[in-house]
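Listed below, chain by chain, are the residues.
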Amino acid sequence: MTTETSVTWLTQEAYDRLAAELDTLSTVARVDIANKIESARSEGDLKENAGYHAAKEEQGKMEARIRTLTLLLRTAEVGHAPESKGVVEPGTVITATIAGDESRFLIGSREIAGDSDLDVYSEKSPLGEAIIGLKVGAKTSYETPNGKQIAVEIRLVETFTG
């Protein structure tokens, strides 16, 4: 069995922000949620204890976020955005005509974008997989989860500046 670990490009600011979030979740937030669970548990019957179930659900989401951040930070490549060479790659901003409408978006992890108002598409999304490696002027299409084919034309590839 092979495990594919992808590398995610992050700015130093994004890395620091995510590391701080991980630190908070792994320390203060874990103690807070444990206290909520203990407090709800002391209220009695767990089968009908909505506070207990809500706290356990919150704990599950928090632990999933901790696992996600841990893996992301462990495999992150920290530095400057890849210099655009006119080829779609993670960390570049793309202007494309998608199904007849012009869109501008970042390819990569949502974590890269930070406070940017850009839409972000993972390179593993149907759109991302279809356009990675394409050059300006290239046309392709991708299939949506419902089976519809969407036409795409790459108009511009730029360096992400944050």
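The numbering scheme is per chain: residues are counted from 1 as the chain's sequence reads. Two thresholds apply to this predicted model, a pLDDT of at least 70 for residue-level local features and 80 or more for giving and counting side-chain atom pairs, whereas whole-chain, interface and lining totals are computed over all residues. Processing note: side-chain calculations cover all non-hydrogen atoms of the structure and skip hydrogens and water entirely.

1. Considerations on unusual backbone geometry
Most peptide bonds take the trans form, and the phi angle of most residues other than glycine is negative. The cut-off we apply is this: In this text, helices come from DSSP runs of H or I with a minimum length of four residues, and strands from runs of E with a minimum of two, each type numbered from the N-terminal end.
Residues other than glycine seldom take positive phi values, yet alanine 99 does so here, at roughly 55°. One can find alanine 99 in the loop between β3 (92-98) and β4 (101-107).

2. Some thoughts on the UniProt feature "domain: Transcription elongation factor GreA/GreB N-terminal" (unreviewed entry) in the chain
Spelled out, the test is: UniProt positions are given in the numbering used here, feature names are shortened, and annotations may be inferred rather than shown by experiment.
When the UniProt feature table is mapped onto this chain, "domain: Transcription elongation factor GreA/GreB N-terminal" (unreviewed entry) is found at residues 9-78. Helix makes up 80% of residues 9-78 and strand 7%. Its end C-alpha atoms lie 6 Å apart.

3. Some remarks on the side chain of asparagine 49
Put simply, the rule is: Distance and chemistry together define a polar contact, namely a pair of N or O atoms within 3.5 Å, with one atom able to donate a hydrogen and the other to accept it when in protein, and with adjacent residues in sequence counting only for side-chain atoms on both sides. Two residues form a contact once any of their heavy atoms are found within 4.5 Å.
Mapped onto the secondary structure, asparagine 49 falls in the loop between α1 (12-41) and α2 (50-75). Among the polar contacts made by the side chain of asparagine 49, one reaches the main-chain amide nitrogen of glycine 51 at a distance of 3.2 Å. Excluding residues that lie within four positions of it along the chain, asparagine 49 makes contacts with Ala40, Arg41, Glu43 and Gly44.

4. Quick word on the packing of aromatic side chains
Put simply, the rule reads: Note on aromatic pairs: the rings of Phe, Tyr and Trp (six-membered ring only in Trp) are paired at centre separations within 6.5 Å, and the planes decide the class, stacked below 30 degrees, edge-to-face beyond 60, tilted for the rest. Under the scheme applied here, a residue whose accessible area is under 20% of the maximum for its type counts as buried, over 50% as exposed, and between as partly exposed, the area being computed with a 1.4 Å probe on protein chains only.
Here the structure, examined in full by the defined rule, presents 1 aromatic pair. Arranged with centres 5.0 Å apart and planes meeting at 80°, the rings of phenylalanine 105 and tyrosine 121 form a pair that is edge-to-face. Highlighted residues: phenylalanine 105 in strand β4 and tyrosine 121 in strand β5 (residues 119-121), separated in sequence by 16 residues. Look at tyrosine 121 and you get partly exposed, because its relative accessible area is 32%.

5. With respect to the domain arrangement of the chain
Stated formally: Throughout, the edges of the domains are those of an automatic or database domain assignment. As used here, buried area is the combined drop in accessible area, with a 1.4 Å probe, of two parts when they are placed together. What counts as a salt bridge is simple: a side-chain nitrogen of Lys or Arg found within 4 Å of a carboxyl oxygen of Asp or Glu. Gly is placed with the polar residues, together with every amino acid not listed as nonpolar (Ala, Val, Leu, Ile, Met, Phe, Trp, Tyr, Cys and Pro) or charged (Asp, Glu, Lys and Arg).
Domain assignment breaks the chain into domain 1 (9-78) and domain 2 (87-159). A separation of 31 Å is found between the C-alpha centroids of domain 1 and domain 2. On the domain 2 side, the residues contacting the 7 residues of domain 1 number 4 residues. Taken together, the two surfaces of domain 1 and domain 2 that pack against each other cover about 510 Å², and 60% of this comes from carbon and sulfur. Between the two partners, domain 1 and domain 2, sit 0 salt bridges. Counting across the interface, domain 1 meets domain 2 through 0 residue pairs in polar contact (both at pLDDT 80 or more). Looking at the side of domain 1 that touches domain 2, the elements with two or more residues in it are β1 (8-10), α1 and α2. In terms of residue count, α1 provides more of the side of domain 1 that touches domain 2 than any other element does, 3 residues in total. Tallied by class, residues from the side of domain 1 that touches domain 2 come to 5 nonpolar, no polar and 2 charged.

6. Observations regarding the sheet that holds strand β6 (residues 139-143)
Stated precisely, the cut-off is as follows: Between any two strands, at least two bridges found by DSSP are needed for them to pair. Here the axes come from fitting lines to C-alpha atoms, over the contacting stretch only for helices, and the angles between their N-to-C directions go from 0 to 180 degrees.
Pairing is mixed across the open sheet formed by 5 strands, whose spatial order is β5-β4-β3-β7-β6. A single partner strand is all that each edge strand has here, and the edge strands are β5 and β6. The mean angle between the axes of side-by-side strands here comes to 45°, regardless of whether they run parallel or antiparallel. Direction of pairing for β6 relative to strand β7 (residues 149-159): antiparallel, over a ladder of 5 bridges. Each residue of the ladder has a partner; that of tyrosine 142, found in β7, is isoleucine 150.

7. Quick notes on the nonpolar core
Across soluble globular proteins, nonpolar side chains show a tendency to be buried alongside one another. Put simply, the rule reads: Only buried residues count toward a nonpolar core, which is a set of Ala, Val, Leu, Ile, Met, Phe, Trp, Tyr and Cys residues joined through side-chain atoms within 4.5 Å.
By size, the foremost hydrophobic cluster in this structure holds 25 residues, and its most contacted members are Leu10, Leu18, Leu25, Met62, Leu106, Ile112 and Phe160. With 8 residues, the single largest contributor to this core is α1. Mapped onto the domain boundaries, this core takes at least three residues apiece from domain 1 (9-78) and domain 2 (87-159). Beyond its immediate sequence surroundings of up to four residues, leucine 10 is in contact with Tyr15, Leu18, Leu72, Leu73, Ala76, Glu77, Val78, Gly79, Glu111 and Ile112. By size, the runner-up hydrophobic cluster in this structure holds 16 residues, among which are Leu127, Ala138, Val152 and Ile154.

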